[in-house]
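Listed here are the chains, written in short residue letters.
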Amino acid sequence: MWQTIIIQPMTNLLLWIYDILGHGPHMFGLAIILFTILIKLITWPLNASQVKGAQAMQELQNDKEWQDIQKKYAKDKEKLAQEQMRIYKDRGINPFASCLPTLVQFPIIIGLYQSITRALSATPLDMLQLARTIYPFQNVENIIPLNSKFLWMNLGQPESIQVLGFALPTLAIIVALTTWIQTKLTMPTSSNPNDQSAQMSKMMSIYMPFLLGWFALNFASGISVYFIVSNVLGVVQYAATGRANWSNLFGSKSAPATNKKK
Amino acid sequence: MNTKRLTLFILLALGALFLSACSGQPLVNTWPGLATDGERAYVSSGSFIYAVDVQTGREVWRYPAEADSKQLFFATPVLTEDGQLLIGSEGSNHAFVSLDAETGKENWSAPFTGAKGKWVAPPLVFGDTIYAPNTDGFLYILNMNGREIADPVELGGALWSAPVTDGTLIYITSLDHQVHILNLTTLTFVDSIDLGGAAPGSPTVGAGGVFVGSFASAIEFITPNGGHEVIAQTDHWVWGAPVLDGETLYFADLGYADVGGKVYSLDLATNRQNWDNVRPDGPIVASPLIVDEQIYIVTENGAFLALDRDGRIVWEKTPGGKIYTAPVLSGEFLLVAPYQAEFALAAYDLDGKQAWTFTPQK
């Protein structure tokens, strides 16, 4: 089922884009970039709802009722949680909405990793599985095997650049950095130390860059290309909607951009 | 639940999910290689190469004694006249080793580690020279002591199949759709022919040239001066090398998972197919094996079958697992090395009766 729903369509789409691009050197990297843009477009409504959810969470922090229950039940965490859930329910807010796009990304990342590995076919078994994966109407014998070169990278291998005798994992660093920027920009600002969703977002902004950076360090660099493009597009999407929280990026305590706009 | 713990739990769960999906491939990441000298079978399967007594099915030796995560063996081992067993590692150490076929001990002072890629293809040994193709696209030229005696020849594309020679020229296929023809002595290029599709299998020498199949769903005949023509179209990609038996060329295509591969028997004298629609159960990767009047075929669905010269099934067995490795004849037994089966090797007599199976001890 995973094969049919995720791997097969993804691999065929990648091959199709690669074929259209002329299947020369660097084209598989471009195919991954175009694929990422396509995924971003498909998940645009989801991301938009996340932006909306984050916005609602931010506004909630300034709500009088919300602030009142924080004070009232400061020493009764269980009651506070119950009251918070009631307010979430009353106002139709999903406190975990900001995590959803990240969660949705994971099946895509896993599928993409497996599709890239399969498409680049480093072993005879990979090649055989690729043959099984290709839709009968795809005419791809002239493009197989794929050219794994993209810029200075082999997309099927983890990336590093030799600098003064050291293997510098530039892509992993860029992945961690762009993930951190994106998480920071989308993180709701809260002055309330007990706000769980803000705490969760804060923890995410710490752990996610390390996690994705570690993936980039150890897995095929094609995945890193996906991470970077996805992060940059995420930032662009936020910035385009005027909700990017630039103050978070520079550690300023000033109010978020959205509030200023209002 | 504490927010920090919850966040950490979610991230760890996602990380574990990702890791299990990405690195969940078994250590044995492709099918085994199989060779025989008539008394012993040599099976390369993952971390080890096993020498197995053909009469008893018992392990004689294994190499290395302890598994090494940097070494993986899947290429078909090659036996030389002076008793060496040559094989390259598909692991990260890129080592090409020579073993004493009798004892399994290393022959050379150190393995050859000059290649940048993995060793998928078996080497060609001609005279005192080893011609070893690598996935880095180079053909390495070694003497029988494992020393490079000439600069490697850059062919381009990953090299997955053994080169062949007619005594004057070397023919070698590449995944970059080419068949390269080299002068055996000077190693200079004679010609390169574009097949229109990747060629993971070896060419077959015969009829004053070579026959080669490819993912272009065709069999081409190539002459020493680079002349070439398509002599047969197939329904799907051709993976294994064709087999020439007298005036007849046998080959098979991969086929689709639902309809299976197709076996072909081409009369070269008339350029006509001897039979029409022989489709065993399952896709076919391996080359056929011809013994006397029977053609032995193995399939991905685990079928091992004997056909007569008219394409009729004489017998069919299902040893277990998937079978991608070409069967070999060793003495009175047919040997089959399945992938993902309970055993690594099985021996059958020519009537299809199983004699023994070999399962490596852990």
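Residues numbered from 1 in each chain as written. Chains lettered and ligands numbered in written order. Predicted model: local features only at pLDDT ≥ 70, side-chain atom pairs only at ≥ 80, totals over all residues.

Observations concerning the overall build of chain B
What chain B contains, in helices and strands, is one helix and 31 strands. For chain B, the C-alpha radius of gyration of 21 Å lies close to 21 Å, the compact-globule estimate for 362 residues. By its C-alpha atoms, chain B is 80 × 50 × 45 Å across when sized along the principal axes. Buried positions account for 49% of the 362 residues belonging to chain B. Counting only contacts in chain B whose residues sit at least 6 apart along the sequence, the fraction spanning at least 24 positions is 38%. (Helix = DSSP H or I, 4+ residues; strand = E, 2+ residues; numbered from the N terminus. Rg over C-alpha atoms; globule rule 2.2 N^0.38 Å. Buried ≥ 20, exposed ≤ 12 C-beta atoms within 10 Å, placed from the backbone. Contact = placed C-beta atoms within 7 Å.)

Looking at the overall build of chain A
Scanning chain A for helices and strands turns up twelve helices and four strands. For chain A, the residues scored as buried account for 39% of the 262 residues in total. Considering only contacts within chain A whose residues lie at least 6 apart along the sequence, 73% involve residues at least 24 apart.

Quick word on the confidence of the model for chain A
Residue and element names in this part refer to chain A. Overall, the prediction assigns chain A a mean pLDDT of 82, with 86% of residues at 70 or greater. Considering each helix and strand of chain A separately, the mean pLDDT is smallest for helix 12 (residues 257–261), with a value of 42, and largest for helix 2 (residues 27–42), with 92. Across residues 254–262, where pLDDT falls below 50, the model places 16 contacts with residues more than four positions away in sequence or in other chains. (pLDDT = per-residue confidence, 0-100.)

Describing the packing of helix 2 of chain A against helix 10 (residues 221–240) of chain A
Residues and elements named next belong to chain A. Two elements in contact, helix 2 and helix 10, have axes separated by 9 Å at closest approach and are oriented at 40 degrees. As judged from the angle between their axes, helix 2 and helix 10 are oblique. When you trace helix 2 past helix 10, the crossing you get is right-handed. Each of Gly29, Ile32, Ile33, Thr36, Ile37 and Lys40 in helix 2 lies in contact with helix 10, whose residues at this interface are Gly222, Val225, Tyr226, Val229, Ser230 and Leu233. When its residues are assigned to classes, the contact of helix 2 with helix 10 shows seven nonpolar, four polar and one charged. (Axes fitted to C-alpha atoms, helices over the stretch in contact; angles between N-to-C directions. Parallel < 35°, antiparallel > 145°, perpendicular 65-115°, else oblique. Left-handed = near helix turned anticlockwise from the far one by under 90°. Nonpolar A, V, L, I, M, F, W, Y, C, P; charged D, E, K, R; others polar.)

Remarks on helix 2 of chain A
Compared with an ideal rise of 1.5 Å per residue, which puts 16 residues at 22 Å, helix 2 of chain A spans 22 Å between its outermost C-alpha atoms and is within 8% of the ideal. Inspection of helix 2 of chain A places Met27, Phe28, Gly29, Ala31, Ile32, Phe35, Thr36 and Ile39 of chain A among the buried residues, and these make up the whole buried set. (Expected span 1.5 Å × (residues − 1).)

Thoughts on unusual backbone geometry
Between Ile144 of chain A and the following residue, Pro145 of chain A, the backbone shows a cis peptide bond with an omega angle of 5 degrees. Following the sequence through the fold, Pro145 of chain A ends up in the loop between helix 7 (124–133) and strand 1 (149–150). For the bond running from Tyr63 of chain B to Pro64 of chain B, omega is -10 degrees, close enough to zero to count as cis. By the element assignment, Pro64 of chain B lies in the loop between strand 4 (59–63) and strand 5 (78–79). Non-glycine residue His23 of chain A carries a positive phi angle of around 40 degrees. In this fold, His23 of chain A is placed in the loop between helix 1 (2–20) and helix 2.

A look at the sheet that holds strand 7 (residues 96–100) of chain B
All names here are of chain B. Read from one edge to the other, the open sheet built from three strands follows the order 5-6-7, with strand pairing classed as antiparallel. A strand with exactly one partner marks an edge of an open sheet, and here the two such strands are strand 5 and strand 7. Inspection of the sheet shows strand 6 (residues 84–88) paired to strand 7 by five bridges, in the antiparallel sense. Considered in strand 7, the bridge of Gln84 is made with Asp100. (Pairing = 2+ DSSP bridges.)

A word on the sheet that holds strand 14 (residues 178–183) of chain B
The pairing of strands in a sheet happens through backbone hydrogen bonds and is either parallel or antiparallel. All names here are of chain B. The four strands lie next to each other as 12-13-14-15, forming an open sheet whose pairing is antiparallel. Only two strands of the sheet have a single neighbouring strand rather than two, namely strand 12 (164–165) and strand 15 (189–194). With five bridges joining them, strand 14 and strand 15 adopt antiparallel strand pairing. Opposite Val179, over in strand 15, you have Ile193 as the bridge partner.

Side note on helix 5 (residues 77–91) of chain A
Its 15 residues give helix 5 of chain A an end-to-end C-alpha distance of 21 Å, which sits within 8% of 21 Å, the value for a rise of 1.5 Å per residue. Two residues or fewer after helix 5 of chain A comes Gly92 of chain A, characterised by a positive phi angle close to 65 degrees.

A few points about the nonpolar core
The biggest cluster of nonpolar side chains holds 152 residues, and the ones touching the most others in it are Ile223 of chain A together with Val43, Ile297, Leu335, Val336 and Leu345 of chain B. Element by element, the count of residues in this core is highest for helix 6 (residues 100–120) of chain A, at seven residues. Among residues more than four places away in sequence, those in contact with Leu335 of chain B are Leu34, Thr36, Ala41, Pro327, Val328, Ser330, Leu345 and Ala347 of chain B. Listed in part, the seven residues of the second largest apolar core include Met57, Leu60, Leu185 and Ala244 of chain A. (Core = buried A, V, L, I, M, F, W, Y, C linked by C-beta atoms within 7 Å.)

Here's the deal with the environment of Ser98 of chain B
All names here are of chain B. Considering the arrangement of structural elements, one finds Ser98 in strand 7. A tally of 24 C-beta atoms within 10 Å means that Ser98 is categorised as buried. Each C-alpha atom, one on Ser98 and one on Gln55, is 25 Å from the other, the two residues being 43 residues apart in sequence. What Ser98 contacts, discounting residues up to four positions off in sequence, is Gln84, Leu86, Glu106, Asn107, Trp108 and Gly146.

Some remarks on the environment of Trp275 of chain B
Residues and elements named next belong to chain B. Along the chain, Trp275 turns up in the loop between strand 23 (272–273) and strand 24 (289–291). A residue is classified by how many C-beta atoms lie within 10 Å of it, and Trp275, with 13 of them, is partly exposed. Spatially, the C-alpha atoms of Trp275 and Arg312 are 9.5 Å apart, while their sequence positions differ by 37 residues.

A short note on the packing of helix 8 (residues 170–186) of chain A against helix 10 of chain A
Residue and element names in this part refer to chain A. Between helix 8 and helix 10, whose axes approach to 9 Å, the crossing angle comes to 25 degrees. Comparing the axis directions of helix 8 and helix 10 gives the class roughly parallel. In this structure, the crossing between helix 8 and helix 10 has a hand that is left-handed. Between helix 8, through Leu171, Ala172, Ile174, Val175, Thr178, Thr179, Ile181, Gln182, Leu185 and Thr186, and helix 10, the contact on the second element is made entirely by Ser221, Ser224, Phe227, Ile228, Asn231, Val232, Gly234, Val235 and Tyr238. When its residues are assigned to classes, the contact of helix 8 with helix 10 shows eleven nonpolar, eight polar and no charged.

A word on the pairing of strand 17 (residues 209–214) of chain B
Residues and elements named next belong to chain B. Within strand 17, six of the six residues are buried, which leaves the element mostly enclosed by the surrounding structure. Once strand 16 (residues 204–206) ends, the chain turns through two residues before running back antiparallel as strand 17, passing Ala207 with a positive phi of about 55 degrees. Note: strand 17 against strand 18 (residues 218–222), five bridges, orientation antiparallel. Opposite Val210, over in strand 18, you have Ile222 as the bridge partner. Two successive antiparallel strands, strand 17 and strand 18, enclose a turn made up of three residues, where Ser217 displays a positive phi of approximately 60 degrees.

Remarks on the environment of Asn143 of chain B
Residue and element names in this part refer to chain B. With respect to the element layout, Asn143 can be found in strand 10 (residues 138–143). Sequence-wise, Asn143 and Thr129 are 14 residues apart; in three dimensions their C-alpha atoms are separated by 4.9 Å. Discounting residues that sit within four places of it in the chain, Asn143 has contacts with Asp128, Thr129 and Ile149.

A short note on the pairing of strand 14 of chain B
The two faces of the sheet receive side chains in turn, since in a regular strand these alternate between them. Residue and element names in this part refer to chain B. Counted residue by residue, strand 14 has five buried out of six residues, so it is predominantly covered. The pairing of strand 13 (residues 169–173) with strand 14 spans five bridges and is antiparallel. Bridged to Leu169 within strand 14 is Asn183. The loop that links strand 13 with its antiparallel partner strand 14 comprises four residues; one of these, His177, has a positive phi angle of about 80 degrees. Linkage of strand 14 to strand 15, two consecutive antiparallel strands, is achieved through a turn of five residues, within which Leu187 is found at a positive phi near 65 degrees.

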